[in-house]
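Residues per chain, in single letters:
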Amino acid sequence: MERIYSKLYQCTVEHTFYTDGVSADLNFMPIGKTSKFLRAHALTFFENQNGFELLHRTDSGGLNPFTEITESNKLFIGLGVDNVELFNFTNFPSKTASSDIYLLSDIYSTGVLNPTTIARRQPSFTEEYSYNNSTATLRVEDAAGNAVFKTTLHGLQDEVDLTLYHYSFSVDLGSSLDIGQYKLKTFLNGVLEDELDVFIYNQFEWPGLIGIFELELDENIVYDTSLPYEAAVSLQASSSVWTYQVEMSRNYTNGILNIVNTDGTFTFNETTAPTDYLSGEIAIFESSIAVTKTEASSKAMNLVITSDDQDLTITGLPNPSPYIANSTVYLKI
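Residues numbered from 1 in each chain as written. Predicted model: local features only at pLDDT ≥ 70, side-chain atom pairs only at ≥ 80, totals over all residues. Heavy atoms only, no water.

A. Spatial organisation of the side chain of Arg120. Summarising the element assignment, Arg120 is placed in strand 8 (residues 116-121). One buried charge, Arg120, has no salt-bridge partner; the nearest side chain with opposite charge is Asp100, at 7.3 Å. Of the polar contacts made by the side chain of Arg120, one reaches the backbone oxygen of Ser99; its length is 3.0 Å. Side chain to side chain, Arg120 and Tyr201 meet in a polar contact 3.1 Å long. (Helix = DSSP H or I, 4+ residues; strand = E, 2+ residues; numbered from the N terminus. Buried < 20%, exposed > 50% of the residue type's maximum accessible area, 1.4 Å probe, protein only. Lys, Arg positive; Asp, Glu negative; His and termini not counted. Salt bridge = Lys/Arg side-chain N within 4 Å of Asp/Glu carboxyl O. Polar contact = N/O pair within 3.5 Å; in protein donor to acceptor, adjacent residues only side chain to side chain.)

What follows is the structure in structure tokens.
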């Protein structure tokens, strides 16, 4: 029997670092109960070079779904990294803690998605707090606001500040817990004191994930010729101050040295200058701004020297490598 599949949703990773504007640095994989949902609704997850697609089984006309989605469901897709150098040239949002992960969220829309960050927890974890109150309650709530865990502790009194109490809440949500977003809430005398959004999943089951794509599908999907829904994850290139360290291998007596940017977008300042440019001395130049990293190198940087000994111009200086954190170029002239 012939089976016909059509695109329902597709996501592409865009990145301003690359000349063609797209990135193949991330990989995607369904996690949790997502694969079970896909099978039950005749959907197929397909990863491509620059993102992923969801295909749905249709009738012979290629539109009407073989299994229609009749309720709201959140699919969880893990984000992994194929290119570890990605972090050296990408302006990811800042993390509060190193264990935080990146979060993308969409409801089958057509638009640009920007990653945010969210705290990450295991199904079993310990949460520590300090309050000026002798008892405190920790409550873990799911996305609907239902409590999945609650406990009240008497705090351990601080030995120096007797008004301060320390808490260490041990939380075990069990292996059957659905992965997803939860809230950690602490209460003092019944009043909300602190609240933290977290994403909980078993990191040992899906190691190496740097983020989660939370994709919602619901009963309002329109199956017509406008499909597929198209979205793009937008990654922006990071920037760094360029440094040229110039070592003299000969004398340039009474010299004047400059790094000249011929395209005029920024200039260079000499941050370390010797008394005179003699053999063995070092001069250091830094860009006036942090330069946005790009896959295409610039040939606009020239070293220009005038001196009593000789004049010298070196055109098309090498650029700092965008694939490493150190943006320094070492020259010996």
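Alright, that's what it looks like, and here's the rest.
B. Spatial organisation of the sheet that holds strand 13 (residues 165-172). Read across the open sheet, the three strands follow the order 9-13-12; overall the sheet is antiparallel. Of all strands in the sheet, those with a lone pairing partner are strand 9 (124-131) and strand 12 (156-157), marking the two edges. The sheet contact formed by strand 9 and strand 13 spans eight bridges and is antiparallel. In the sheet register, Ser130 faces strand 13, and the bridge partner there is His166. (Pairing = 2+ DSSP bridges.)

C. Inspection of the pattern of salt bridges at higher detail. Per the stated rule, a full pass over the model turns up eight salt bridges. One salt bridge in this structure joins Glu53 and Lys7, with 3.1 Å as the shortest N-O distance. Here Glu53 is found in strand 4 (residues 51-58), whereas its partner Lys7 is found in strand 1 (residues 4-15), with 46 residues between them in sequence. Accessibility expressed as a relative area gives 36% for Lys7, which makes it partly exposed. The shortest N-O distance in the salt bridge between Glu195 and Lys183 comes to 3.2 Å. Here Lys183 lies in strand 14 (residues 180-188) and Glu195 lies in strand 15 (residues 191-200), a separation of 12 residues in the sequence. Residue classification places Glu195 among the partly exposed residues on the basis of a relative accessible area of 42%. The exposure class assigned to Lys183 is partly exposed, which follows from its relative accessible area of 27%. If you follow the salt bridges from partner to partner, you end up with Arg139, Glu141 and Lys185 in one network.

Purely spatial values, then, with no claim about function.
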